[in-house]
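Next come the chains, spelled out residue by residue.
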Amino acid sequence: MNYLAHFHLSYGNDDLLIGALLGDFVKGPLKGERKKSIEQGIFLHRKIDIFTDTHPLLKQTHQLFQPRYRRYAGIMTDVAFDHFLNRHWQQFHQQPLSIFSKEVFQLITTSDHLTPPAKYQAENLARYDVFANYQYWQTVDAALKRISQRLARDNPLASAAHAMKLHYKALEAIFLTFYPELQAHVSELRQEFS
């Protein structure tokens, strides 16, 4: 899952939200170098990624894409799913997305717990109001193009949004089936933190 989903699934606990962002920037074992609840957020981020990457429905989804995209299908669906979460936000969260975004951006841009790269990412998410802009498919396209440029090896992500758009309705239906399962899984994990 991408940032909007990670923050949504961690919502209600500020330290889990900080960990949700750090999950993309902190590698290796968690050794108690950070506050326990922030490390739980990093752990939760990792568990969300594992659940998503290994879910049979997502593996089936990746078969929709041409073979040249399949190596990158996880990245593609992560970004597309933030688009669908935006489009169906009211189905999954009572609070308007604009208020949710403002709260999350306020927290992550003022946190003292972020690494410099995570802080830079937080500022970019807020500056470009990424969560609101995920309503537009062009944001999916732009995100995949940026990821393509960051990867060291040649990759087809610059054209991936066009390839996915051909399967838009199927991807949307898969998201609407998958996301409640992910929410239930995360709910169980979060109960273990209490």
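See the structure printed just above.
Quick caveat, the model's predicted, so the values are computed rather than measured.

Observations concerning the overall build of the protein
Piece 1. On a plain count of helices and strands, the protein comes out with 13 helices and 0 strands.
Piece 2. Counting from the amino terminus, the protein carries its helices and strands in the arrangement α-α-α-α-α-α-α-α-α-α-α-α-α.
Piece 3. Overall, the C-alpha framework of the protein stretches about 45 × 35 × 35 Å when taken along its three principal axes.
Piece 4. A total of about 10,000 Å² of accessible surface is found on the protein, and carbon and sulfur atoms cover 50% of it.
Piece 5. Positive and negative side-chain charges of the protein, numbering 22 and 19 respectively, have mean locations separated by a distance of 6 Å.

Concerning helix H2 (residues 14–22)
Piece 1. Buried residues dominate H2, accounting for 8 of its 9 residues.
Piece 2. Considered for burial, the residues of H2 that qualify are Asp15, Leu16, Leu17, Ile18, Gly19, Ala20, Leu21 and Leu22.
Piece 3. Between the side-chain oxygen at the start of H2 and the backbone nitrogen of Asp15 there is a gap of 3.0 Å, and the oxygen is on Asn13.

Here's the deal with the environment of His83
Piece 1. With respect to the secondary-structure elements, His83 resides in helix H6 (residues 73–87).
Piece 2. Residues His83 and Thr139 lie 56 residues apart in sequence; the distance between their C-alpha atoms is 8.2 Å.
Piece 3. Not counting residues up to four positions away in its chain, the partners in contact with His83 are Tyr134, Gln135, Tyr136, Trp137, Val140 and Tyr168.
Piece 4. Of note is the side chain of His83, whose polar atom sits 2.7 Å from the backbone oxygen of Tyr134.
Piece 5. Within the local environment of His83, its side chain forms a polar contact with the side chain of Tyr168, the two groups lying 2.6 Å apart.

Focus: helix H1 (residues 3–10)
Piece 1. Most of H1 is tucked away, with 8 of its 8 residues classed as buried.
Piece 2. Those residues of H1 that sit buried are Tyr3, Leu4, Ala5, His6, Phe7, His8, Leu9 and Ser10.
Piece 3. Positive phi shows up at Gly12, right after H1, with a value of about 105°.

What about unusual backbone geometry?
With the exception of glycine, most residues fall at negative phi, and the peptide bonds are largely trans.
Piece 1. The backbone of Asp129 sits at a positive phi, close to 45°, despite the residue not being glycine.
Piece 2. With respect to the helices and strands, the residue Asp129 is situated in the loop between helix H9 (116–127) and helix H10 (130–133).

Conventions we followed
Residues numbered from 1 in each chain as written. Predicted model: local features only at pLDDT ≥ 70, side-chain atom pairs only at ≥ 80, totals over all residues. Heavy atoms only, no water. Helix = DSSP H or I, 4+ residues; strand = E, 2+ residues; numbered from the N terminus. Areas by Shrake-Rupley, 256 points an atom, 1.4 Å probe, with all protein chains shown as cover. Lys, Arg positive; Asp, Glu negative; His and termini not counted. Charge placed at Lys NZ, Arg CZ, Asp CG, Glu CD. Buried < 20%, exposed > 50% of the residue type's maximum accessible area, 1.4 Å probe, protein only. Polar contact = N/O pair within 3.5 Å; in protein donor to acceptor, adjacent residues only side chain to side chain. Contact = heavy atoms within 4.5 Å.

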